[in-house]
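# Examination of the molecular architecture
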Amino acid sequence: MVAQSLGFDQMLKTSRSSKLMYCCIISSLVVILITTWACPESQVRVSTRPHTFEELVTTPSGINDPCAGKRIYMYDLPPKFNVALLERCGKKLVKWIDFCPHMQNYGFGQMVSKSTDAPLFAKDWYGTDAYMLEVIFRARMQRYKCLTNSESEADAYFIPYFAGIDALNSLYTDNRTETLGPELVAWLQDNATDSWQRQGGHDHFLIAGRTAYDFARPLEGSFDNWGTTLLNLPELANITDLTLESRKWSGMDQAIPYPTGFHPATAGSLRKWTDQVLTVSRRYLFAFSGALRPSMTTSIRGSLYDQCLRATTRCSLLDCSKIKCSHNPVPIYSKLLLAEFCLQPRGDTATRRSVFDSIIAGCIPVFFHEDTAYNQYSWHLPTTDPQKFSVFIPEEGIKNGSIVVEEVLGSYSKSRISEMRDELIKLIPGSLYRHPDSRDAVLTEKFRDAFDLSIDGMLKKVASFKLSNTATTLRS
């Protein structure tokens, strides 16, 4: 501080030993110049390139800290924001919805083995509801190896609010009331002031276990409009929303896989299933499973249904309006395992759980709209190189009758189909949510499941934001 206020020359004059100091400085400069000339490799080079995520998780001493850059703090929210909502499962949120069976087993639902004689589904298969993601994710987060109790040491912050379950009343009743979103904001402002303000919320995330559109009602809109206002609350504008389907124009939405019925607890269980996927005899060229949408004039499901019927023995058809498919994976996977390709048209929204059923069954997905997967699951699927694992047929070609699905899929050679299935096998672990109580080190360390990849993606996003902020600060 003295050197800055007085200047270098003035500092020398005011020093009692200015002459000695001057000589020392000159001698040091001479040594540095000679060393630099004789040993140019000794010069210290300051790198201006951005650090990688791997460098961020290595301590300065060079000792690899397995939790460096990966510590997550989970807020201890009052029960009304999560577990208390589960206590109202028996038609207390919505009179005609009883989701008590679905919240069992960490949100996986009831075990299939108790209701079927199919040996293939005797272990690790459940009647999982597609909208239990919040319960599943919280159970896994409670066992996350880098969970920290220190807010100040955390790299990211998880808000365990059951947004989708809380939304049921607003979505499916006429007596709609405001959800707990505004109260959640108030609680965070009162109880998480330091961590909330540290990065302006950019290092926070929550699970909204439905499509993002279910939480995007305009703040000024009436209750007659669909959805809740959660994602439009200005105080939550910077947090990342992990949803089943994102709004592609929103930089804060990130789609992650729908929960399917397979939740392996051991590597052996996963290996047994993938062996089945690889070796099963697939006697159908393609399959279509799902319910028709006769009231939706834009839907191509009816056209695909007709094409499947015309393909006779080359297409396997499962009409989910006649058979309950949503909480019983047995009929679905029994069909998917027998086909080379599985048709994935849009449903009520662009995405559908069947995409991940298809991947897990090794049935090559056939998409008709880019929003069904390519614009969604960038943390889990190779969306920049989609032809490696999927087929794309323009939706318009089905509508105008210019494209016959059987002809397109029939043009693929056996070797090409085999290559694509090999890619699907690689995607299976990252498309499912393993059992939270697994003690199998091979399964938990070698295979990254959908939860792991979601956490990886979130931590990288936070690290990127912090680096960008640091670079901006340095430039200014």
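What this report covers is the structure whose coordinates are included nearby. Predicted model only: the values in this text are computed from it and were never measured. (Residues numbered from 1 in each chain as written. Predicted model: local features only at pLDDT ≥ 70, side-chain atom pairs only at ≥ 80, totals over all residues. Heavy atoms only, no water.)

Locating Arg353 in the fold gives a position in the loop between strand 8 (339–344) and helix 15 (354–360). What Arg353 contacts, discounting residues up to four positions off in sequence, is Thr128, Asp129, Ala130, Tyr258, Pro259, Thr260 and Ser326. (Helix = DSSP H or I, 4+ residues; strand = E, 2+ residues; numbered from the N terminus. Contact = heavy atoms within 4.5 Å.)

Further remarks concern the pairing of strand 7 (residues 315–319). With four of its five residues buried, strand 7 lies for the most part within the structure. Judged from the five bridges that link them, strand 6 (residues 284–290) and strand 7 form a sheet pairing that is parallel. Bridge assignment links Phe288 to a residue of strand 7, and that residue is Leu317. (Buried < 20%, exposed > 50% of the residue type's maximum accessible area, 1.4 Å probe, protein only. Pairing = 2+ DSSP bridges.)

This part covers helix 13 (residues 301–310). Of the positions making up helix 13, those classed as buried are Arg301, Leu304, Tyr305, Gln307 and Cys308. Angular distribution of buried residues about the axis of helix 13 spans 165 degrees; they occupy a single face of the element. Immediately beyond the C-terminal end of helix 13, within one or two residues, lies Thr312, with a positive phi of roughly 45 degrees. (Arc of directions from axis to C-beta.)

Per the stated rule, a full pass over the model turns up 19 salt bridges. The shortest N-O distance in the salt bridge between Arg140 and Asp452 comes to 3.4 Å. Taken as a pair, Arg140 in helix 7 (residues 133–141) and Asp452 in helix 20 (residues 450–475) lie far apart in primary sequence, 312 residues in all. What makes Asp452 buried here is its relative accessible area of 8%. Residue Glu395 pairs with Arg346 through a salt bridge whose shortest N-O separation is 2.7 Å. Remark: Arg346 occurs in the loop between strand 8 and helix 15 and Glu395 occurs in helix 16 (residues 395–399); sequence separation between them is 49 residues. Among the charged side chains, a salt-bridge network with shared partners connects Arg140, Arg434, Asp449 and Asp452. (Salt bridge = Lys/Arg side-chain N within 4 Å of Asp/Glu carboxyl O.)

With that settled, consider the state of the cysteines. Under the defined criterion, the tally for this structure stands at four disulfides. In this model Cys89 forms its disulfide with Cys100; the gap between the sulfur atoms is 1.9 Å. Its S-S torsion of approximately 90 degrees makes the covalent link between Cys89 and Cys100 right-handed. In this pair, Cys89 is assigned in the loop between helix 5 (83–86) and helix 6 (104–107) and Cys100 in the loop between helix 5 and helix 6, connecting sequence segments 11 residues apart. Take Cys100: its relative accessible area is 25%, and that puts it in the partly exposed class. (Disulfide = S-S within 2.5 Å.)

Here the focus is the packing of aromatic side chains. In total, this model carries 24 aromatic pairs according to the counting rule given. Look at Tyr75 and Trp187: their rings are 6.1 Å apart centre to centre, the planes differ by 80 degrees, and that puts the pair in the edge-to-face class. In this pair, Tyr75 sits in the loop between strand 1 (72–74) and helix 5 while Trp187 sits in helix 10 (residues 181–191), placing the two residues 112 residues apart along the sequence. With respect to burial, Tyr75 and Trp187 carry one shared label: buried. For the pair Phe356 and Tyr377, a centre-to-centre distance of 4.9 Å together with 85 degrees between the ring planes defines the contact as edge-to-face. Here the residue Phe356 occupies a position in helix 15, and Tyr377 occupies one in the loop between strand 9 (364–367) and strand 10 (391–392), the gap between them amounting to 21 residues. (Phe/Tyr/Trp six-rings, centres within 6.5 Å; stacked < 30°, edge-to-face > 60°.)

All right, on to the packing of helix 12 (residues 267–279) against helix 18 (residues 414–427) then. Axis separation between helix 12 and helix 18 bottoms out at 11 Å; the angle between their running directions is 165 degrees. Between helix 12 and helix 18, the interaxial angle falls into the category roughly antiparallel. At the point where helix 12 passes helix 18, the crossing takes the right-handed sense. Along its contact with helix 12, which presents Thr274, Val277 and Leu278, the element helix 18 presents Arg421, Asp422 and Ile425. In terms of residue class, the contact of helix 12 with helix 18 is built from three nonpolar, one polar and two charged. (Axes fitted to C-alpha atoms, helices over the stretch in contact; angles between N-to-C directions. Parallel < 35°, antiparallel > 145°, perpendicular 65-115°, else oblique. Left-handed = near helix turned anticlockwise from the far one by under 90°. Nonpolar A, V, L, I, M, F, W, Y, C, P; charged D, E, K, R; others polar.)

By size, the foremost hydrophobic cluster in this structure holds 73 residues, and its most contacted members are Phe137, Met141, Ile165, Phe205 and Phe286. Element by element, the count of residues in this core is highest for helix 20, at six residues. For Ile165, the contacting residues outside a window of four places in its chain are Leu85, Leu86, Leu93, Phe99, Met132, Glu134 and Val135. (Core = buried A, V, L, I, M, F, W, Y, C linked by side-chain atoms within 4.5 Å.)

What follows is about the pairing of strand 9. The alternating pattern of strand 9 places Ile364 and Val366 on one face and Pro365 and Phe367 on the opposite face, and all of these are buried. With four bridges connecting them, strand 8 and strand 9 associate as parallel partners. Pairing of Cys342 across the sheet is with Pro365, part of strand 9. Each parallel crossover has a hand, and the one from strand 8 via helix 15 to strand 9 is right-handed. As judged from the two bridges shared by strand 9 and strand 10, these two strands associate in the parallel manner. In the sheet register, Phe367 faces strand 10, and the bridge partner there is Phe392. (Right-handed = clockwise from strand over helix to strand, strands pointing away.)

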